[in-house]
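# Structural overview
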Amino acid sequence: MHRPIDESGHETGDGAGRGPVPPPYRPHPVPPVDSGGRTAPGDGVPDPGRVDPRVLGALLARHGWRRRGGAAGRYGRWTPPGSGPGGGTSLLVPDTLAFPDCEDLIGEALTALARSGTPSAREVLTGLAVPSDEIRWWSEVPTGPAGTVPWPVQEQLRSAARKILLAGALAVRGRAGYHGSRHRAAAQAALESVVVGTDPGGRALTAFLPVPPGRPVAVRLHHALHAAREAVDYQRATGGMEAFDTAVEAGVSRELTEALVALVRGTEGARVALAWAPAAGVPEGCAARPEPVEFSPGDLPALREASARYLTDEPSVPVRLTGAVVRMRRSGPRGEGRVRLRVLGGADVGHVRVTLDEEAYRTAGHAHLVGLPIRVVGRLESRGGFRRLTGASGVVPVQVDEAERDRLMKSLHENLDFLEEACEAEEER
């Protein structure tokens, strides 16, 4: 069951000893200010009348702000990370909405956050504007001048974070040791609303997954990362890989192990942590405050072995798919040939390659020339990422509605070079 609010607003720190979260990598616009000096609603800053003070307090605590007194049960005074008891900007935040001036106090706090130079202030506003689960990555790497991390190392962290998010989105679509190109378009679409922030020094990265639609991805990664950590521990202790087999049900896959290898490689260690959106509560079956999952260079052999195991053990899949012919090729005027299909249905992949015998190849060519897709039965092979169909049979044209046929014919006329090649092959026979 979801809990209404994580009552963490009265604690110092974020409950795990972590420092402030980095500012957004994709910056938000500066909020407008009305004539009274308060931040106007919109542009990423929520309406004060819609802000729950308990959620605001929970986000301030998560991002390193400290509560330093205030009338118990009425309001609390919060100071930003790194400031002393009497220094720096402070916010006066009500504990409830029971008093007449609560909305005014919240509006003043939002204005102060919008104008603050503290990096975590923008993260708090982001969490208020769009309730989001947060996934954070830290990497331990040697620093350059002024404590900064070299650009290639920062790019490595960003790339690994993207791969981990994609692995989680793929696991939401289905459990598999190796996804390949299956479900990839849907998984990438599920991540379009994610906002990413980075630490100025390049050591940390934060992804904000709006609730909805991003919570299923966050929940799946919560289970998958802990299952991967347990499987690595089991392999290092016993030498057995059985734990990786059972971890597939939790969402572990070749995509996730490869992403973890990319995250850890070249570092002294890396951590991944999740924090739930206070406004949405804690998902069923998940810890209220998940502990960070840590990986070290010593885990790389187990992760690489698991990745190779997932690749070889994932079975081929029997399918009956419908696809539009987009390319045809064969070595001579007769005999079998290779066809590339844009999949329209029957398999969660974008394109497949298939080898057809002479009669089936001719059927595919005729269907393409009149703007019709074909239906074919075979097995989707895991080798190459589920992009190849083997044992093809039963190739027949498929009737489609006029709109789809017009679209296919338009695509046909946009590829005249392909058509000439296909027609010449037919004429040579």
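The preceding data block contains the structure.
Scoring rules and cut-offs
- Residues numbered from 1 in each chain as written.
- Predicted model: local features only at pLDDT ≥ 70, side-chain atom pairs only at ≥ 80, totals over all residues.
- Heavy atoms only, no water.
- Salt bridge = Lys/Arg side-chain N within 4 Å of Asp/Glu carboxyl O.
- Buried < 20%, exposed > 50% of the residue type's maximum accessible area, 1.4 Å probe, protein only.
- Helix = DSSP H or I, 4+ residues; strand = E, 2+ residues; numbered from the N terminus.
- Pairing = 2+ DSSP bridges.
- Axes fitted to C-alpha atoms, helices over the stretch in contact; angles between N-to-C directions.
- Contact = heavy atoms within 4.5 Å.
- Phe/Tyr/Trp six-rings, centres within 6.5 Å; stacked < 30°, edge-to-face > 60°.
- Lys NZ or Arg CZ within 6 Å of the ring centre and 35° of its normal.
- Expected span 1.5 Å × (residues − 1).
- Arc of directions from axis to C-beta.

In this section: the pattern of salt bridges. For the structure shown, the criterion picks out 16 salt bridges. Here Arg136 ties to Glu134 by a salt bridge, and the two come within 3.0 Å at their closest N and O atoms. With relative accessibility at 2%, the residue Arg136 sits in the buried group. For Glu359, the salt bridge identified is with Arg362, shortest N-O distance 2.6 Å. Placement of the pair is Glu359 and Arg362 together in helix H10 (residues 358–369), with a separation of three residues, close to one helical turn. Taking the relative accessible area as the measure of exposure, Arg362 reaches 21% and is therefore partly exposed. Connected through salt bridges with shared partners, the residues Arg229, Asp233, Arg236 and Asp299 form a single ionic network.

Glancing now at the pairing of strand E12 (residues 374–381). Relative to E12, strand E9 (residues 317–329) runs antiparallel, the two being bridged by seven bridges. If you follow Pro318 over to E12, its bridge partner there is Arg379.

Moving on, we get to the sheet that holds strand E5 (residues 195–198). The antiparallel open sheet is built from five strands, whose spatial order is E5-E6-E4-E7-E8. Edge positions in the sheet fall to E5 and strand E8 (293–295), since each of these pairs with one other strand and no more. Strand-to-strand twist across the sheet, computed as the mean angle between neighbouring axes with direction ignored, equals 15 degrees. With four bridges connecting them, E5 and strand E6 (residues 204–210) associate as antiparallel partners. Each bridged residue has a counterpart across the sheet, and for Thr198 the counterpart in E6 is Leu205. Its contacts with the sheet put helix H8 (residues 254–264) on strand E4 (132–139), strand E7 (270–275) and E8, and the angle it makes with E7 is roughly 120 degrees.

Further remarks concern the packing of aromatic side chains. Per the stated rule, a full pass over the model turns up two aromatic pairs. With 5.9 Å between their ring centres and 40 degrees between their planes, Tyr178 and Phe386 make a pair best called tilted. Here Tyr178, found in the loop between helix H4 (151–173) and helix H5 (184–190), pairs with Phe386, found in the loop between E12 and strand E13 (388–397); they are 208 residues apart in sequence, far enough to count as distant. Consider the rings of Phe244 and Tyr310, whose centres lie 6.4 Å apart with planes at 80 degrees: the pair is edge-to-face. In this pair, Phe244 sits in helix H7 (residues 242–247) while Tyr310 sits in helix H9 (residues 300–313), placing the two residues 66 residues apart along the sequence. The residue whose ring lies beneath Arg182 is Phe386, and the NZ or CZ to ring-centre distance is 3.7 Å. Between the NZ or CZ atom of Arg271 and the centre of the ring of Trp138, over which it lies, the distance is 4.5 Å.

Regular strands show a simple pattern: their side chains alternate between the two faces of the sheet. The pairing of E9 with strand E10 (residues 337–345) spans seven bridges and is classified as antiparallel. Looking across to E10, one finds that Val325 is bridged to Leu341. Sheet topology places E10 next to strand E11 (residues 351–356); six bridges connect them, and they run antiparallel. Its bridge partner lying in E11, Arg338 is registered against Thr355. The antiparallel pairing of E10 with E11 creates a hairpin that spans five residues between the two strands, and Gly346 there sits at a positive phi of about 100 degrees.

Taken across its 11 residues, H8 has nine buried, putting it largely inside the fold. Among all positions of H8, only Glu255, Leu256, Thr257, Ala259, Leu260, Val261, Ala262, Leu263 and Val264 are buried. Backbone geometry just downstream of H8 places Gly266 in the positive-phi region, at approximately 80 degrees.

Once that is clear, we can look at H9. Helix length check: H9, at 14 residues, gives a terminal C-alpha distance of 20 Å against a target of 20 Å (1.5 Å per residue), a fit within 8%. Regarding H9, the residues found buried are Leu300, Ala302, Leu303, Ala306, Ser307 and Tyr310. With its buried residues spanning 160 degrees around the axis, H9 presents them on a single face. Summarising the geometry of H9, the exposed residues directed more than 90 degrees from the buried face are Pro301 and Thr312. Considering only its buried residues, H9 is in contact with helix H6 (215–238), H7 and H8.

These values are about where atoms sit, not about what they do.
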